Amino acid sequence: PFRKLSFAAANFSNVNIRASSGSIACLINLIVFQERMMRNAISVLGLSLLIGCSTSKNIYQFSATTIDSEEQSLSDYKGQVLLVVNVASECGLTPQYAELQQLHERFASQGFAVVGFPCNQFGGQEPGSAEEIKSFCKVNYGVTFPLFSKIEVNGDSRHELYDYLAGSDAAFSGDISWNFEKFLISSSGEVSHRFEPSTSPTQQEVIEAIETALRAQ
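Peer 1: Explanation requested: the overall build of the protein in the structure shown.
Peer 2: A count of helical and extended segments in the protein gives 5 helices and 6 strands. When burial is assessed residue by residue, the protein has 39% of its 217 residues classed as buried. Partitioning the intrachain contacts of the protein with sequence separation of at least 6 by distance along the chain shows that 66% fall at a separation of at least 24. Accessible area for the protein stands at about 12,300 Å²; split by element, carbon and sulfur atoms hold 56% of it.

Peer 1: Would you take a moment to explain the pattern of salt bridges for this structure?
Peer 2: A side chain with one charge can pair with a side chain of the opposite charge if their charged atoms come near. With the rule as written, the count across this model stands at 5 salt bridges. Residue E211 pairs with R106 through a salt bridge whose shortest N-O separation is 3.7 Å. Taken together, the residues E211 in helix α5 (residues 204-215) and R106 in helix α2 (residues 96-107) connect sequence positions 105 residues apart. Between D175 and R158 there is a salt bridge; the shortest N-O distance is 3.5 Å.

Peer 1: Looking at this structure, I do not really get the packing of aromatic side chains. What am I missing?
Peer 2: Within a pair of aromatic rings, the relevant descriptors are the distance that separates the centres and the angle that separates the planes. Taken as a whole, this structure holds 10 aromatic pairs when the rule is applied. Centroid distance F122 to W178: 5.6 Å. Interplanar angle 50 degrees. Geometry classified as tilted. One end of the pair, F122, is in the loop between β4 (112-118) and α3 (130-141); the other, W178, is in the loop between α4 (160-166) and β5 (182-185), and 56 residues separate them in sequence. Residues Y162 and F183 carry aromatic rings whose centres are separated by 6.2 Å and whose planes lie at 80 degrees to one another, so their mutual orientation is edge-to-face. In this pair, Y162 is assigned in helix α4 and F183 in strand β5, connecting sequence segments 21 residues apart. The exposure class of F183 is buried, given its relative accessible area of 0%.

Peer 1: Quick question: what am I supposed to make of the sheet that holds β5 here?
Peer 2: Backbone-to-backbone hydrogen bonds join strands into a sheet, with any given pair of strands oriented parallel or antiparallel. Taken in spatial order, the 4 strands line up as β4-β3-β5-β6 in an open sheet, and their pairing is mixed. Two strands in the sheet have a free side with no partner beyond their single neighbour: β4 and β6 (191-195). Along the sheet, successive strands turn relative to each other by an average axial angle of 20 degrees, direction set aside. Relative to β5, strand β3 (residues 81-87) runs antiparallel, the two being bridged by 4 bridges. Bridging from a neighbouring strand, V84 pairs with F183 of β5. Packing of α5 onto the sheet brings it into contact with β3, β4, β5 and β6, and relative to β6 it is tilted by some 170 degrees.

Peer 1: Would you explain the pairing of β6 in this entry?
Peer 2: In summary, the side chains of a regular strand alternate between the two faces of the sheet. Bridge count for β5 against β6 is 4 bridges, and the pairing is antiparallel. For I185, the partnering residue across the bridge sits in β6 and is V191. Counted between consecutive antiparallel strands, the loop separating β5 from β6 contains 5 residues, among which G189 sits at a positive phi close to 85 degrees.

Peer 1: Sorry, what's going on with α3 here?
Peer 2: For an α-helix, the turn length of 3.6 residues means that residues three or four places apart are oriented alike. With 12 residues, α3 extends 16 Å between its outermost C-alpha atoms, agreeing within 8% with the 16 Å of an ideal straight helix rising 1.5 Å per residue. In the segment just after α3, G142 is the residue with positive phi, at about 60 degrees.

Peer 1: Got a minute to help me understand the side chain of N179 in this structure?
Peer 2: Looking at the element boundaries, N179 is found in the loop between α4 and β5. Side-chain polar atoms of N179 contact the side chain of Q125, separated by 2.9 Å. Other than its neighbours up to four places away in sequence, N179 contacts N86, A88, C91, L93, C119, F122, Q125 and P197.

Peer 1: Looking at this model, I keep getting lost on the packing of α2 against α3. Mind explaining?
Peer 2: Helix packing geometry: the angle between the two helix axes and the distance between the axes. Where α2 meets α3, the axes come as close as 10 Å, and the angle between the chain directions of the two elements is 80 degrees. The orientation of α2 with respect to α3, classified from their angle, is roughly perpendicular. Taking contact as the criterion, the partners of Y97, A98 and Q101 in α2 are, on α3, F136, C137 and Y141.

Peer 1: Where do I start with α5 in this structure?
Peer 2: The end-to-end C-alpha distance of α5, which contains 12 residues, comes to 16 Å, matching closely the 16 Å that a straight helix rising 1.5 Å per residue would cover. Turning to α5, its buried residues number three or more, namely V206, I207, A209, I210, A213 and L214. Buried residues of α5, viewed axially, fall in a sector of 165 degrees; they line one side. Elements that come into contact with the buried residues of α5 comprise β3, α2, β4, β5 and β6.

Reading the values: rules and limits
Residues numbered from 1 in each chain as written. Predicted model: local features only at pLDDT ≥ 70, side-chain atom pairs only at ≥ 80, totals over all residues. Heavy atoms only, no water. Helix = DSSP H or I, 4+ residues; strand = E, 2+ residues; numbered from the N terminus. Buried < 20%, exposed > 50% of the residue type's maximum accessible area, 1.4 Å probe, protein only. Contact = heavy atoms within 4.5 Å. Areas by Shrake-Rupley, 256 points an atom, 1.4 Å probe, with all protein chains shown as cover. Salt bridge = Lys/Arg side-chain N within 4 Å of Asp/Glu carboxyl O. Phe/Tyr/Trp six-rings, centres within 6.5 Å; stacked < 30°, edge-to-face > 60°. Pairing = 2+ DSSP bridges. Axes fitted to C-alpha atoms, helices over the stretch in contact; angles between N-to-C directions. Expected span 1.5 Å × (residues − 1). Polar contact = N/O pair within 3.5 Å; in protein donor to acceptor, adjacent residues only side chain to side chain. Parallel < 35°, antiparallel > 145°, perpendicular 65-115°, else oblique. Arc of directions from axis to C-beta.

Here it is in structure tokens:
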């Protein structure tokens, strides 16, 4: 009887050992599975963040219609420093066209361009057609820098470029206040400065900002 009891006890111990080993193996498998799932989740999150950062922080994702009615991607200006300006032909600030042209000529060889976006939202001071605007700028101010077709810069119909420049998530948020407001764009396509309409394009702070941006190319 003693031998039978000992044998039964030994068998019971083996069963317990096997059961414990099986439980530990299941636990290990569960931990390994959870670790893999966590790694996958982190990878997906990191990729999402990388994609979001690479597509939403510069002007190159946008396009606009030129004054000659051709669709143009702003990625065509990649690597250049830009001064983006909403312009008008019948404004008290219209003579700034001459200074903008001076800037364009002075720094163009260094990778700089003025980019003009006519807008009729302020006092109806840009009523003409694309052809009339183009002719006015050429005849009166000798403009050679790129001009685009008329857009809206404020409100529900605001062009997506200006939503990026001045919208709620912009680096310098707030509605455009008047004609000839200026945004300086770095060679990486990001907004570095915003200048009020009354700020002359040839004012020292504008010149210094452009020169700094050009040195950073």
